[in-house]
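Chain by chain, the residues:
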Amino acid sequence: AFDDSARLVLGLLQRNPGNLPALEQLASVLGDAGDADRLAPVVARLRMEAPQSATTHYYAATLAYLQQRPDIAIREAEAAIAADGAHAKAQNVLGASFAGIGQRERARAAFNASLQSDPHDPATYSNLATLEMEAGNFPQARRYFAEALTLDPTNEIARQGLATALAQREGIILVLDASDGK
């Protein structure tokens, strides 16, 4: 499905190179896939076509996050939020970037702001749950993981996180191997 989506959007861009919605769609597909190498030139193109757009800043933040460059991810996410205060995905990337550098309270604030804008994003609930687990707050982590699964029953991160949080309640240490997808 990923390759089909990417091919479709690339075909649109070949016919109309300045097609901003197609560029944004391609950035979305590549960002969701975690493909920083292929996202980088798309972000560069977005910067040429719409340098001040919240969407451009959001995908630049996503790219920086994927490249493990939290300082740039934070700066770009903040620029996206400045351009569109209700940009839930930018708030989520901001929160993930803050969490990655150990700024848990700022991460929590960004995740909560994301949920204010979009209370139906399972990724944000999973990110908040992970933050709560790291803080040892397993009851809250379970609630957030359960909400993520309510919104997306196929969310493997939430499924594994909930299993771990439930095991903590029972005093069981559960080791999950994310590499095999089970």
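Caption draft 1: Main features of unusual backbone geometry. Of note, the phi angle at Gln68 is positive, near 60°, even though the residue is not glycine. With respect to the element layout, Gln68 can be found in the loop between helix H4 (54-66) and helix H5 (70-83). The exposed category is assigned to Gln68, whose relative accessible area is 70%.

Caption draft 2: Structural detail: H4. Here H4 spans 18 Å end to end across 13 residues, near enough to the 18 Å set by a 1.5 Å rise per residue. Summarising burial for H4: 10 of the 13 residues are buried, a large majority. Buried residues of H4: Ala54, Thr56, His57, Tyr58, Tyr59, Ala60, Ala61, Thr62, Leu63 and Ala64, and no others. Contacts made by the buried residues of H4 are with helix H2 (20-33), helix H3 (36-49), H5 and helix H6 (88-100). By the N-cap criterion, in which a side-chain oxygen at the helix start approaches the backbone nitrogen of a residue two or three places on, H4 is capped by Ser53, the distance to Thr55 being 3.1 Å. One or two steps after H4, the chain reaches Gln68, where phi turns positive at roughly 60°.

Caption draft 3: Spatial organisation of the packing of H2 against H3. One can describe the packing of H2 onto H3 by two numbers: an axis separation of 9 Å at closest approach and a directional angle of 150°. Classified by the angle their axes make, H2 and H3 are roughly antiparallel. As H2 packs across H3, the resulting crossing turns out to be left-handed. When H2 is examined against H3, the residues Leu20, Leu23, Glu24, Leu26, Ala27, Leu30 and Gly31 are found in contact with a partner set consisting of Arg38, Leu39, Val42, Arg45, Leu46 and Glu49. For the contact of H2 with H3, the residue count by class is eight nonpolar, one polar and four charged.

Caption draft 4: Seen up close, the packing of aromatic side chains. Summed over all chains, the structure comprises two aromatic pairs. Considering the side-chain rings of Tyr125 and Tyr144, the 6.3 Å spacing of their centres and the 45° angle between planes classify their relative orientation as tilted. Remark: Tyr144 occurs in helix H9 (residues 138-151) and Tyr125 occurs in helix H8 (residues 122-134); sequence separation between them is 19 residues. Accessibility assignment for this pair places Tyr125 and Tyr144 in one class, buried.

Thresholds applied
Residues numbered from 1 in each chain as written. Predicted model: local features only at pLDDT ≥ 70, side-chain atom pairs only at ≥ 80, totals over all residues. Heavy atoms only, no water. Helix = DSSP H or I, 4+ residues; strand = E, 2+ residues; numbered from the N terminus. Buried < 20%, exposed > 50% of the residue type's maximum accessible area, 1.4 Å probe, protein only. Expected span 1.5 Å × (residues − 1). Contact = heavy atoms within 4.5 Å. Polar contact = N/O pair within 3.5 Å; in protein donor to acceptor, adjacent residues only side chain to side chain. Axes fitted to C-alpha atoms, helices over the stretch in contact; angles between N-to-C directions. Parallel < 35°, antiparallel > 145°, perpendicular 65-115°, else oblique. Left-handed = near helix turned anticlockwise from the far one by under 90°. Nonpolar A, V, L, I, M, F, W, Y, C, P; charged D, E, K, R; others polar. Phe/Tyr/Trp six-rings, centres within 6.5 Å; stacked < 30°, edge-to-face > 60°.

Don't take any of this as a statement about function, it's just geometry.
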